[in-house]
Amino acid sequence: MAVFWVVVLMVLFSFPTSGNISWPFMAGTVVLLLLYYFGWARSRFQGPKVMGMEAQLTELEREFEHAAEELGGHAPA
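Residues numbered from 1 in each chain as written. Predicted model: local features only at pLDDT ≥ 70, side-chain atom pairs only at ≥ 80, totals over all residues. Heavy atoms only, no water.

A. The overall build of the protein, seen in detail. A count of helical and extended segments in the protein gives three helices and zero strands. Going residue by residue from the N terminus, the α and β elements of the protein occur as α-α-α. Sorting the 77 residues of the protein into buried and exposed places 6% on the buried side. (Helix = DSSP H or I, 4+ residues; strand = E, 2+ residues; numbered from the N terminus. Buried < 20%, exposed > 50% of the residue type's maximum accessible area, 1.4 Å probe, protein only.)

B. A negative patch on the surface, seen in detail. Negative charge collects at one region of the surface, where Glu54, Glu61, Glu65, Glu69 and Glu70 lie side by side. Within the secondary structure layout, Glu69 lies in helix α3 (residues 54-70). (Patch = residues over 30% accessible without salt bridge, like charges linked within 9 Å, V, L, I, M, F, W, Y side chains within 5 Å. Areas by Shrake-Rupley, 256 points an atom, 1.4 Å probe, with all protein chains shown as cover. Salt bridge = Lys/Arg side-chain N within 4 Å of Asp/Glu carboxyl O. Lys, Arg positive; Asp, Glu negative; His and termini not counted. Charge placed at Lys NZ, Arg CZ, Asp CG, Glu CD.)

C. Layout of a nonpolar patch on the surface. A surface patch of nonpolar side chains, about 620 Å² in accessible area, is lined by Val30, Leu34, Tyr36, Tyr37, Phe38 and Trp40. For Tyr36, the position within the fold is in helix α2 (residues 22-44).

D. Quick look at the pattern of salt bridges. As enumerated under the stated definition, the model contains one salt bridge in all. In this structure, Arg62 engages Glu59 in a salt bridge whose closest nitrogen and oxygen atoms are separated by 3.1 Å. Here Arg62 and its partner Glu59 are both found in helix α3, three residues apart, which amounts to about one turn of the helix. Judged by relative accessible area, Glu59 falls into the partly exposed class, the value being 36%.

E. Expanded view of the packing of aromatic side chains. Under the definition given, this model contains three aromatic pairs. Considering the side-chain rings of Phe4 and Trp5, the 5.3 Å spacing of their centres and the 70 degrees angle between planes classify their relative orientation as edge-to-face. Residue Trp5 is classed as partly exposed on the basis of its relative accessible area, which comes to 46%. (Phe/Tyr/Trp six-rings, centres within 6.5 Å; stacked < 30°, edge-to-face > 60°.)

F. Representation of the environment of Val30 within the structure. By secondary structure assignment, the location of Val30 is in helix α2. In this structure, the C-alpha to C-alpha distance between Val30 and Met10, residues 20 residues apart in sequence, is 9.3 Å.

G. Representation of α3 in the model. Helix length check: α3 (17 residues) gives 25 Å between terminal C-alpha atoms against 24 Å at 1.5 Å per residue, within 8%. Positive backbone phi, approximately 95 degrees, marks Gly72, located one or two places after α3. (Expected span 1.5 Å × (residues − 1).)

H. Structural view of the confidence of the model for the protein. The predicted model of the protein averages 81 in pLDDT, with 83% of residues at 70 or higher. Ranking the elements of the protein by mean pLDDT puts helix α1 (residues 2-12) last with 81 and α3 first with 89. (pLDDT = per-residue confidence, 0-100.)

Here you go:
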């Protein structure tokens, strides 16, 4: 979704105001972004990492539910 907004804003702010220099600039920017993505970013992105084991995460969830009940909130179903 973030890439969509980058493209929308890039098109929006690249409309020519004094000449037609913006279209080559926009095309060059897209080429550079594609080179960056396929050449470097995609191979190095590892995604989110689990911080703890399943039992530890379940215990943390129980503690948060208990704290929410004490504060008068409703625990998630």
